[in-house]
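Chain and residue survey
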Amino acid sequence: MAKKNIDWANIGFGYIKTDKRYVSNYTGGKWDDGAIIDDDMITMSECACVLQYAQTIFEGLKAYTTEDGKIVVFRPDLNAQRLANSSRRMEMPVFPEDRFVDAVVQTVKANADFVPPYGTGATLYLRPYMFGINPVIGVKPADDFQFRVFATPVGPYFKGGVKPLTIKVSDFDRAAPHGTGFIKAGLNYAMSLHAIVTAHEEGFAENMYLDAATRTKVEETGGANFLFVTKDNKVVTPKSDSILPSITRRSLMVVAKEYLGLEVEEREVFFDEVKDFAECGLCGTAAVISPVGKINDHGKEICFPSGMEKMGPITQKLYDTLTGIQMGRLEAPAGWIRVIE
Ligand code: PLP
Ligand code: COI
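Structural notes, computed from the coordinates. From a predicted model like this one, the values you see are computed outputs, not experimental measurements. (Residues numbered from 1 in each chain as written. Chains lettered and ligands numbered in written order. Predicted model: local features only at pLDDT ≥ 70, side-chain atom pairs only at ≥ 80, totals over all residues. Heavy atoms only, no water.)

**So, unusual backbone geometry**
Even without glycine at this site, Asn233 takes up a positive phi of about 65 degrees. Counting through the fold element by element, Asn233 comes out in the loop between strand E11 (225–229) and strand E12 (235–238). (Helix = DSSP H or I, 4+ residues; strand = E, 2+ residues; numbered from the N terminus.)

Given below as structure tokens:
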């Protein structure tokens, strides 16, 4: 095995084509056996359901090289579960959860040379996804689907690595009450594209979306959940039916409680109370934990006491512990780490 010649420490969060990908097709009411293939191109009808009515869902998880040189993936069973939930909400067939994990493992193995070495700050991002592929013109779900997994080496999601971000309160909504915010459907991200372009043009790294119904409660950003720390070191995260149940956030709540002995709370978080928190971070597979230093609310600034230079102390401990578990420096809770043999 020879690692690819990539400047691992300096890659950003972009697409780098790797050698192999996994594909399985659903036709005639069943999934085929699936296989690892070379071709990164997809040919489909001009009228494919995914192209006309956006019937597509996805997942995101990472493979890491541990301190002792193993390749591992973090909690792929939870991504399998979440894709199954997304499938049900989007009228798509469930790709069996054990087969999902196997497809991820096969894709990592087939692209082992692309897994960034330990200590480079880069990881191998895995993108499982599924879409309706046959022609559909009346509004209805597809009958045939394709499930794929590709891999791409990535660096930090936000430029500047772990420097605190400035974000803005968005005037756009990401997800409706009783809508699709709780699943990972491509349509949620399409909804956010104009908002993220606008935020970037104005110099902000991300959007804070508020609940669409009352615009009083914190939801999430375009690609991560929020974590807040109170002045007395309690870790608080918003509870809402219209945000994505982040696997990173759920893991961090366990880390906070079990590893750091902190009090944790998942509850509605009103925007009015955000100014009273000591620390704020964005958490997700891509974001890991990215600290927020400042929130701009229509020109009014909320500046967290942790400042714009470094992460707050609790955020830092959460970050160190989670990445320590993922990189094999700390013992993981049972079932969190899947070693690729
Ligand atoms: N929220 C949104 C909208 C996301 O796209 C993501 C990324 O997957 C997350 C939260 C974080 O979820 P996870 O920690 O499972 O990656
Ligand atoms: C992830 O963290 O895996 C995501 O899907 C977020 C996306 C914005 C890259």
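**Some thoughts on the site of ligand 1**
The environment of ligand 1 is made up of 17 residues, and the closest members are Tyr189, Glu220, Ser246, Thr248 and Thr285. Arg82 places a polar side-chain atom, nitrogen or oxygen, 2.8 Å from an oxygen atom of ligand 1. A distance of 2.5 Å separates an oxygen atom of ligand 1 from a polar atom in the side chain of Thr248. Contact with the protein chains hides 96% of the accessible area of ligand 1, taken as 380 Å² for the molecule alone. Of all elements in the fold, only helix H5 (247–259) and strand E14 (279–284) reach the threshold of two or more residues within the shell around ligand 1. Of the residues that constitute the shell around ligand 1, the class distribution is 5 nonpolar, 8 polar and 4 charged. (Near = heavy atom within 4 Å. Polar contact = N/O pair within 3.5 Å; in protein donor to acceptor, adjacent residues only side chain to side chain. Areas by Shrake-Rupley, 256 points an atom, 1.4 Å probe, with all protein chains shown as cover. Nonpolar A, V, L, I, M, F, W, Y, C, P; charged D, E, K, R; others polar.)

**Some words on the pairing of strand E8 (residues 145–154)**
Burial of E8 is extensive: 9 of the 10 residues sit out of reach of the surface. Relative to E8, strand E1 (residues 21–27) runs antiparallel, the two sharing 5 bridges. For Tyr26, the partnering residue across the bridge sits in E8 and is Phe145. The pairing of strand E7 (residues 123–132) with E8 spans 10 bridges and is antiparallel. When the bridges of E8 are listed, Tyr125 appears paired with Thr152. (Buried < 20%, exposed > 50% of the residue type's maximum accessible area, 1.4 Å probe, protein only. Pairing = 2+ DSSP bridges.)

**Things to note about the site of ligand 2**
Ligand 2 sits among Phe13, Phe58, Gly60, Tyr125, Arg127, Tyr157, Lys184, Gly223, Thr285 and Ala286. Tyr125 places a polar side-chain atom, nitrogen or oxygen, 2.6 Å from an oxygen atom of ligand 2. For ligand 2, an oxygen atom lies 2.6 Å from a polar atom in the side chain of Lys184. Contact with the protein chains hides 89% of the accessible area of ligand 2, taken as 280 Å² for the molecule alone. The residue makeup of the shell around ligand 2 includes at least three contributed by each of domain 1 (8–154) and domain 2 (165–326). (Domains from an automatic or database assignment.)

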